[in-house]
Amino acid sequence: MTSPHKANETGTEDGVFDGVSALLVAYIDNAGLARSKVLPRARLDTAAAGGATISRSVASLLAVDDAVLSTPNIDAAIGDLRCIPDLGALAVLDAERGLAWAPSDLCRLDGAPDPICQRTALKDVLATAEVAGFDFTVGFELEFSVFRGTKDDPVLAHAGPGYGNTPFIELEAFHLDLLEALAAAGVPVSQLHPEYGNGQLEVSLEPADPVTAADQFLLARLVIARTAQAHGLLVSFSPVPVPGEATNGCHIHLSARRDGRNVFHDPNSPTGIGVAGEHMIAGVLAHVGDTVALLGGSVLSFTRLRPHSWAGSYICWGKGNREASVRYMAGQQGREDAQANMELKVADAAANPYLAVAAFLAMALDGVDKDLTLSPEITVDPDTLTEAERAERGVRTFSPDLGQALVALESSELVTRTFHPLLLEAYLTVRRHEWTTYGRMVAEEVAARLRFRY
Ligand code: GLU
Ligand code: MG
């Protein structure tokens, strides 16, 4: 592999496609499935302006099992869009073969973003953050499971111990090739480790501006899957890859600065958190029960949200508390201004990352807007409290299943204010299909059917 080929803003005029023979124009749908269209070399000269064609229903209403759904306002048979690649985010996946990748916006034929475009929805939320004077950065942690064998007969690729040298050396060639491939694609990695569960690994990405972070999350997943395939391995980002084994989360870290200062650090505050940072955490806690179907959204996301799995299944916050849906990270002593952030534990990779980050930012900004007061910190595993103690301290639980979470999502004033009605209509339709199709199946059956969709 050679060094990363990063395009500049000028697109085709500046040799951005030098050596490129095929461009994967990528997007991720409302079911959280990464999809793409491929442009051959001969079409690259028009790629920046024309992109790739896609039907509006495929872009917004394709379900996790490829059922093509329809809604009153988006007809399954009618309407075309263009996936317009963001060439500023172009990455080379294979320099020798000339395979490149770029995330895309879903645009109408007149070139304007379509209301169903999730990446544009995130940009719209960021525009309001700019008005409020905040500069956000986001960091994703990707947990995934690695299997040997075939999709019909998969075997978890390591048996621990968690964080152990044994799983590291058993998969050493894969780990090293993966780090090299991620670097070559321009994905900055902060760390890699065998996770707690059998067959489980984690790659944490360096923080970046929110759109870039979501783009790199998509790119990293593709690089992980390609590298695994080259090693004869299979990967699954499913929240519940194998019932009874450790779950895969996709924790999202959020940092915010205003006037050059980290709002999550204030040495003079009793909590150690700045006023705006406290409002942001309060905003997330006020809304996360209603938005959880945007942060995961699979039937399996709700199987994952159980106590003692470090998935943050209680609505509360705590410093370093892995059982709280918001884990406050104070940062190393002396480096707090650079490092302090809040981590949303409940998210998983069945989400659309653009929508998940948009929801995260919208919740935080609403807390600032309304000057919401932060509830007291929970300093213990909330599951060890009695129900009465939890009620007294304002600790709540999430909807027990996707069906109820979708009702909460649809009724949320914040959600309806933040997202375009057509985007919401499409999202709810896709997720309702998951609930009606898989909601009554036993976990083993759902896990097996969805294992290799993500
Ligand atoms: N695997 C856990 C989850 O489902 C997270 C473990 C950790 O804290 O890294 O979210
Ligand atoms: Mg982890």
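Model, not experiment: these values are computed from the prediction.

Parameters and conventions
- Residues numbered from 1 in each chain as written.
- Chains lettered and ligands numbered in written order.
- Predicted model: local features only at pLDDT ≥ 70, side-chain atom pairs only at ≥ 80, totals over all residues.
- Heavy atoms only, no water.
- Salt bridge = Lys/Arg side-chain N within 4 Å of Asp/Glu carboxyl O.
- Helix = DSSP H or I, 4+ residues; strand = E, 2+ residues; numbered from the N terminus.
- Buried < 20%, exposed > 50% of the residue type's maximum accessible area, 1.4 Å probe, protein only.
- Core = buried A, V, L, I, M, F, W, Y, C linked by side-chain atoms within 4.5 Å.
- Contact = heavy atoms within 4.5 Å.
- Expected span 1.5 Å × (residues − 1).
- Pairing = 2+ DSSP bridges.
- Near = heavy atom within 4 Å.
- Polar contact = N/O pair within 3.5 Å; in protein donor to acceptor, adjacent residues only side chain to side chain.
- Nonpolar A, V, L, I, M, F, W, Y, C, P; charged D, E, K, R; others polar.
- Donors = N, O, S within 2.8 Å, 3.2 Å for Na, K, Ca; no water.
- pLDDT = per-residue confidence, 0-100.
- Phe/Tyr/Trp six-rings, centres within 6.5 Å; stacked < 30°, edge-to-face > 60°.
- Lys NZ or Arg CZ within 6 Å of the ring centre and 35° of its normal.
- Axes fitted to C-alpha atoms, helices over the stretch in contact; angles between N-to-C directions.
- Parallel < 35°, antiparallel > 145°, perpendicular 65-115°, else oblique.
- Left-handed = near helix turned anticlockwise from the far one by under 90°.

Time to look at the pattern of salt bridges. This model, assessed by the stated rule, comprises 19 salt bridges. For the salt bridge of Arg257 with Asp337, the shortest nitrogen-to-oxygen distance reads 2.5 Å. With Arg257 in strand E12 (residues 252-258) and Asp337 in helix H9 (residues 336-339), the pair connects residues that are 80 residues apart, well separated along the chain. With relative accessibility at 28%, the residue Arg257 sits in the partly exposed group. Assessed through its relative accessible area of 32%, Asp337 is described here as partly exposed. Of the charged contacts in the structure, one is a salt bridge between Lys319 and Glu377, with a shortest N-O distance of 4.0 Å. Taken together, the positions of Lys319 in strand E14 (residues 314-319) and Glu377 in the loop between helix H10 (353-369) and helix H11 (387-392) put the pair 58 residues apart, joining distant regions of the chain. The partly exposed category is assigned to Glu377, whose relative accessible area is 27%.

Leu23, Phe140, Phe264, Met280, Ile281, Met342 and Phe419 are the most contacted members of the largest nonpolar core, which totals 145 residues. Ignoring anything within four residues of it in the chain, the contact list for Leu23 reads Phe17, Lys37, Val38, Leu39, Leu44, Ala47, Pro85, Leu87, Leu90, Ala100, Trp101 and Ala102. Counting five residues, the second largest nonpolar core, distinct from the first, contains Tyr314, Cys316, Ala324 and Ile378.

This paragraph deals with helix H5 (residues 172-184). Between its terminal C-alpha atoms H5 stretches 18 Å, which fits the 18 Å expected from 13 residues at 1.5 Å a residue. All of the buried residues in H5 are Phe174, His175, Leu178, Ala181, Leu182 and Ala184. Close packing links the buried residues of H5 with strand E5 (91-94), strand E7 (135-149), helix H4 (165-170), strand E9 (189-194), strand E10 (200-205) and helix H6 (210-230). At the exit of H5 stands Gly186, carrying a positive phi of roughly 80 degrees.

A word on the pairing of E5. Consecutive residues of a regular strand have side chains that alternate between opposite faces of the sheet. As judged from the three bridges shared by E5 and strand E6 (residues 99-107), these two strands associate in the antiparallel manner. Each residue of the ladder has a partner; that of Val92, found in E6, is Ala100. Between E5 and the antiparallel strand that follows it, E6, lie four residues; Gly98 among them carries a positive phi value of about 75 degrees.

What surrounds ligand 1 is a group of 14 residues, the closest being Glu143, Thr247, His251, Arg304 and Lys345. In the environment of ligand 1, a nitrogen atom lies 2.7 Å from a nitrogen or oxygen atom belonging to the side chain of Glu143. Note that an oxygen atom of ligand 1 is positioned 2.7 Å from one of the side-chain N or O atoms of Arg304. A class-by-class count of the residues in the shell around ligand 1 yields two nonpolar, six polar and six charged.

Here we come to the environment of Ala443. Inspection of the secondary structure assignment puts Ala443 in helix H15 (residues 443-450). Leaving out residues up to four positions away in the same chain, Ala443 has contacts with Pro243 and Thr303.

Here we come to the environment of Tyr354. Within the secondary structure, Tyr354 sits in helix H10. A relative accessible area of 3% places Tyr354 in the buried class. A C-alpha to C-alpha distance of 22 Å links Tyr354 and Gly277, two positions 77 residues apart in sequence. Excluding anything up to four places from it in sequence, Tyr354 contacts Ile28, Pro103, Gln118, Arg119, Leu122, Val211, Ala214, Asp215 and Leu218.

With that settled, consider the coordination of the magnesium ion (ligand 2). At 2.0 to 2.1 Å from the magnesium ion (ligand 2) lie its protein donor atoms, namely Glu143 (OE), Glu195 (OE) and Glu202 (OE). Mapped onto the sequence, the residues coordinating the magnesium ion (ligand 2) show the spacing E-x51-E-x6-E. In this pair, Glu143 sits in strand E7 while Glu202 sits in strand E10, placing the two residues 59 residues apart along the sequence. Across this residue pair, the class does not change: Glu143 and Glu202 are buried.

Looking now at the confidence of the model for the protein chain. For the protein chain, per-residue confidence averages 95 on the pLDDT scale, and 97% of positions sit at 70 or higher. Below a pLDDT of 50 lies the segment residues 1-11, which in the model reaches 28 contacts outside its immediate sequence neighbourhood of four places, other chains included.

Looking now at the packing of aromatic side chains. Here a ring pair, both rings aromatic, is described through the centre-centre distance and the interplanar angle of the planes. Across all of its chains, the model carries five aromatic pairs by this definition. Look at Phe147 and Phe452: their rings are 5.5 Å apart centre to centre, the planes differ by 75 degrees, and that puts the pair in the edge-to-face class. Highlighted residues: Phe147 in strand E7 and Phe452 in the segment after H15, separated in sequence by 305 residues. Each of the two residues, Phe147 as well as Phe452, counts as buried. We note Arg221 situated over the ring of Phe237; from NZ or CZ to the ring centre the distance is 5.1 Å.

Okay, the side chain of Thr429 next. Mapped onto the fold, Thr429 is located in helix H14 (residues 421-438). Note on Thr429: relative accessible area 17%, which makes it buried. If we skip the residues at most four places from it in the chain, Thr429 touches Leu61, Leu69, Ser70 and Thr71.

Turning to the packing of helix H3 (residues 118-131) against H6, a few remarks are in order. Direction vectors running N to C along H3 and H6 enclose 155 degrees, while the axes themselves pass 10 Å from each other. The pairing of H3 with H6 is recorded here as roughly antiparallel in orientation. Taken as a pair, H3 and H6 cross one another with a handedness that is right-handed. When H3 is examined against H6, the residues Arg119, Leu122, Lys123 and Leu126 are found in contact with a partner set consisting of Pro210, Val211 and Asp215. Partitioned by chemical class, the residues of the contact of H3 with H6 number four nonpolar, no polar and three charged.

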